[in-house]
Amino acid sequence: MAENSKRAVQFEEVSSDYAGQRLDNFLMTRIKGAPKSLIYRVIRKGEVRVNKGRIKPDYRLNEGDIVRIPPVRVKEANVVESVPDRLVKDIEQAILYEDDHLLAVNKPTGLAVHGGSGITLGLIEALRVIRPHAKRLELVHRLDRDTSGIILVAKKRATLVALHKMLQNKSGIQKRYSALVYGNWPKQMNEVKAPLKKNELSSGERIVRVAADGKASHTRFKPERRYQGYTLVSAEPVTGRTHQIRVHAQFGGHSIVGDDKYANDSELKLSKSQGAKRLFLHAKSLVFKHPATDEKLSLTAPWDDNFERFLSSLTPEN
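Keep in mind that what you see is a predicted model, and the values were worked out from it rather than measured.

Of all nine residues in strand 16 (residues 281-289), seven are buried; the element is thus mostly enclosed. The pairing of strand 9 (residues 148-154) with strand 16 spans two bridges and is parallel. Along strand 16, the bridge assignment pairs Gly149 with Ala283. Pairing geometry for strand 10 (residues 173-182) and strand 16, over seven bridges, is antiparallel. Note on strand 16: the bridge partner recorded for Lys175 is Leu286. The pairing of strand 16 with strand 17 (residues 296-300) spans five bridges and is classified as antiparallel. Residue pairing in the sheet places Ser285 in a bridge with Thr300 of strand 17.

Glancing now at the sheet that holds strand 2 (residues 10-13). Taken in spatial order, the three strands make up an open sheet running 2-4-3, and their pairing is antiparallel. Each of the sheet's edge strands pairs with one partner strand only, and the pair in question is strand 2 and strand 3 (49-50). Together, strand 2, strand 3 and strand 4 (66-69) form the strand contacts of helix 1 (residues 23-30), whose direction differs from that of strand 4 by roughly 55°.

Conventions adopted
Residues numbered from 1 in each chain as written. Predicted model: local features only at pLDDT ≥ 70, side-chain atom pairs only at ≥ 80, totals over all residues. Heavy atoms only, no water. Buried < 20%, exposed > 50% of the residue type's maximum accessible area, 1.4 Å probe, protein only. Helix = DSSP H or I, 4+ residues; strand = E, 2+ residues; numbered from the N terminus. Pairing = 2+ DSSP bridges. Contact = heavy atoms within 4.5 Å. Axes fitted to C-alpha atoms, helices over the stretch in contact; angles between N-to-C directions.

If you want it as structure tokens, here you go:
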């Protein structure tokens, strides 16, 4: 953890990108590492001003507002100043699409999307170093650390807000995943609707279970290829719950290959003995309308070599 740092007083004019954003949320992005309690305190004490006047945390900013951002002491944890050359190369090669508004990355398995819980360097921290002129890079959505595939990153707040609305409305963004599961997935089981509830174990590990008092969850599945002992399925999450595809696959009786959290020990032992070295879940495609240009974007991410090699080693079934 870095030493305490103190900022100088700053005055920032609100651009069109941030018009409509709440003042407290705006300050969270400007005073990195500051807890919300500190943000509310400096607003309450009048140290934050908008157009020279006192203001409330829920004030929604207008384009052209001048915000006084006070000097406050914060502990800057996990400050990333450099990225290993190898990771820079891997990320650059994994960029599927980029313009002034957003970029899409084919995230490798094993790379967290952001730091935290003992992880200093995630995809978003690395991108902020690799793209220093893109000042407002933000994740549009997330993938589990061991899931590979397409991640969208917004370069502008207006893009982030528009894409979030598409996701929240369950329309406008079509996501499809490839998953290799254990066993013979039934052709007639084309969807799983089962409520999901997040739990935290005493160890701090997060686990998700099907529970009557959980949140409504829905995933569509379609068998794509069958192999001896395995099925490659396409999965389309209608809702967007944590670990949804993984838990719905398990609930349907066919856990995802290499899933250390939800597959059983005998399944994991079998696939590892055959050379499986990863979680076989991959965010394969995204289709959506570009929020700035209205262009229809259809993005597809190839599997990595480990995924392809393991599939090639299996015996296809007719």
